[in-house]
Amino acid sequence: MIPTMLVPLMGGNDHDKAKVVQTLLFVTGIKTLLQTLFGTRLPTVIGGSYAYVVPVLSIIHDRSLAQIADGHTRFLQTMRATQGALIVSSSIQIILGYSQLWAICSRFFSPLGMVPVVSLVGLGLFERGFPVVASCVEIGLPMLIIFVVLSQYLKHVHVRHVPILERFSLLVCIALLWVYAHILTASGAYHHTALHTQISCRTDRSNLISSALWISIPYPLQWGAPTFNADHAFGMMAAVMVSLIESTGAFKAAARLASATPPPAYVLSRGIGWQGIGTLLDGLFGTATGSTVSVENVGLLGSTRIGSRRVIQISAGFMIFFSILGN
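Residues numbered from 1 in each chain as written. Predicted model: local features only at pLDDT ≥ 70, side-chain atom pairs only at ≥ 80, totals over all residues. Heavy atoms only, no water.

An unreviewed UniProt entry lists the protein under the name Nucleobase-ascorbate transporter 2, with Aegilops tauschii subsp. strangulata given as the organism. Under Sequence similarities (unreviewed entry), UniProt gives the following word-for-word description of the protein: "Belongs to the nucleobase:cation symporter-2 (NCS2) (TC 2.A.40) family." The protein has a UniProt comment under Subcellular location (unreviewed entry) that states "Membrane". (UniProt positions renumbered as here; feature names shortened; annotations may be inferred.)

In structure tokens form, the structure reads like this:
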């Protein structure tokens, strides 16, 4: 969703958007493996953060970049400026994490203080989720209703003593609703609707599959050498501080939902250090956003009751594999 939102504003075309999606998926797999193996070792996914959208938008609207006439050239220059800001701002997470300064700060995070933080982080997802549901009500609303019914009211249904609906409710909903949306698209239900509705509801308007290469391996500095600007870097540092607090709350929530031992302060600090390495990788590869613990994944952890770190590592392997195979 982040590349779909930002790449067109940068001036990129469908091929650029597909490449950024592949890059983000590839780097997310690497960051998740590093965090689960060497960081906090909790079953958490380290993905792109919406906290970085605002500073990236400020870079996009920078006067020196916005005046570039050619769209692809403007995309490359904006991406390089974003990479430079991410590389500089990642130093905050790396220094705070590996110097154990964040361990000192996290000792002051009591449960009474963390509950509002985690709650607000979760409630913040409503701002991004419900407008998307409202943009295509006939698909979004059934998805929401079916997921709640399967995961909360039919979770005790077992197939060969396996709680299929509790563990795989999201995958079942995605499969069912995608078939439903494709039937609506193929039957011509959206032929005479508004363009915004067609983009939101049709299954053939993303152009990601047709624009992606069959095999594409993301690599560092694939967009060119990063450019560094103090204004961009300081704006990105503000997003880093937001992601620090968000990730700390998400780590504690993940440990609780996975029935794991609450992570000590030094483990949280080490996890923040590895998150800084992840943000550095974002800057080197060019993902258009920084790193944070996926709050969506933490919520899914609570609904599926699957707290295995091995499952997350296998999922990270799938991310890397499918990001290389574009089609």
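K.L.:
Sorry if this is basic, but what is going on with the nonpolar core here?
P.N.:
It is characteristic of soluble globular proteins that their nonpolar side chains tend to be buried jointly. Of all hydrophobic cores here, the largest spans 41 residues; its most connected members are L6, M10, V20, F75, M79 and M236. Put simply, the parts of the chain that give this core at least two residues each are α1 (2-10), α3 (53-60), α5 (71-98), α13 (230-257), α14 (265-285) and α15 (295-304). If you tally residues by element for this core, the top one is α13, at 10 residues. Ignoring anything within four residues of it in the chain, the contact list for M236 reads Y52, P55, V56, I59, T82, A85, L86 and S89. (Core = buried A, V, L, I, M, F, W, Y, C linked by side-chain atoms within 4.5 Å. Buried < 20%, exposed > 50% of the residue type's maximum accessible area, 1.4 Å probe, protein only. Helix = DSSP H or I, 4+ residues; strand = E, 2+ residues; numbered from the N terminus. Contact = heavy atoms within 4.5 Å.)

K.L.:
Which parts of the structure should I look at to understand the UniProt feature "transmembrane region" (unreviewed entry) in the protein?
P.N.:
Those places that UniProt annotates as "transmembrane region" (unreviewed entry) correspond, in this numbering, to residues 84-109, 129-150 and 170-190. For residues 170-190, the helix share is 81%, the strand share is 0%, and the end-to-end C-alpha distance is 26 Å.

K.L.:
Looking at this model, I keep getting lost on the packing of helix α2 (residues 14-38) against helix α16 (residues 309-324). Mind explaining?
P.N.:
The packing of two helices is summarised by the inter-axis angle and the distance between the axes. Relative to each other, α2 and α16 sit at 155 degrees, their axes nearing to 8 Å. Looking at the two axes, α2 sits roughly antiparallel to α16. As for the relative orientation of α2 and α16, their crossing is left-handed in sense. For the pair formed by α2 and α16, the contact residues are Q22, L25, F26, T28, G29, I30, T32, L33, T36 and L37 on the first element and R309, I312, Q313, A316, M319, I320, F322, S323 and I324 on the second. Considering only residue class, the contact of α2 with α16 consists of 11 nonpolar, 7 polar and 1 charged. (Axes fitted to C-alpha atoms, helices over the stretch in contact; angles between N-to-C directions. Parallel < 35°, antiparallel > 145°, perpendicular 65-115°, else oblique. Left-handed = near helix turned anticlockwise from the far one by under 90°. Nonpolar A, V, L, I, M, F, W, Y, C, P; charged D, E, K, R; others polar.)

K.L.:
I would appreciate a short explanation of the packing of aromatic side chains in the present structure.
P.N.:
What characterises a pair of aromatic rings is the spacing of the ring centres plus the angle enclosed by the ring planes. Taken as a whole, this structure holds 6 aromatic pairs when the rule is applied. Where F26 meets F285, the ring centres are 5.9 Å apart and the plane angle is 50 degrees; that geometry is what we call tilted. Separated by 259 residues along the polypeptide, F26 in helix α2 and F285 in helix α14 bring together distant segments of the chain. We note that F26, like F285, is buried. (Phe/Tyr/Trp six-rings, centres within 6.5 Å; stacked < 30°, edge-to-face > 60°.)

K.L.:
Can you walk me through the pattern of salt bridges in this structure?
P.N.:
Where charged atoms from two side chains of opposite charge approach closely, those side chains can pair. Using the criterion set out here, one finds 2 salt bridges in the structure. Between D282 and K31 there is a salt bridge, with its nearest N and O atoms 3.1 Å apart. Residue D282 is found in helix α14, and its partner K31 is found in helix α2; the two are separated by 251 residues along the sequence. Taken individually, D282 and K31 each receive the classification buried, so the pair is uniform in this respect. In this structure, R202 and D204 form a salt bridge, with 3.0 Å as the shortest nitrogen-oxygen distance. Residue classification places D204 among the partly exposed residues on the basis of a relative accessible area of 42%. (Salt bridge = Lys/Arg side-chain N within 4 Å of Asp/Glu carboxyl O.)

K.L.:
Is there a simple way to explain α14 in this structure?
P.N.:
Because an α-helix completes one turn every 3.6 residues, residues spaced three or four positions apart along the sequence face the same direction. For α14, which comprises 21 residues, the first-to-last C-alpha distance of 30 Å matches the rise-based estimate of 30 Å (1.5 Å per residue) to within 8%. Taking burial as the measure, the 21 residues of α14 include 15 buried ones, the bulk of the element. One or two positions beyond α14, positive phi appears at G286, with a value near 85 degrees. (Expected span 1.5 Å × (residues − 1).)

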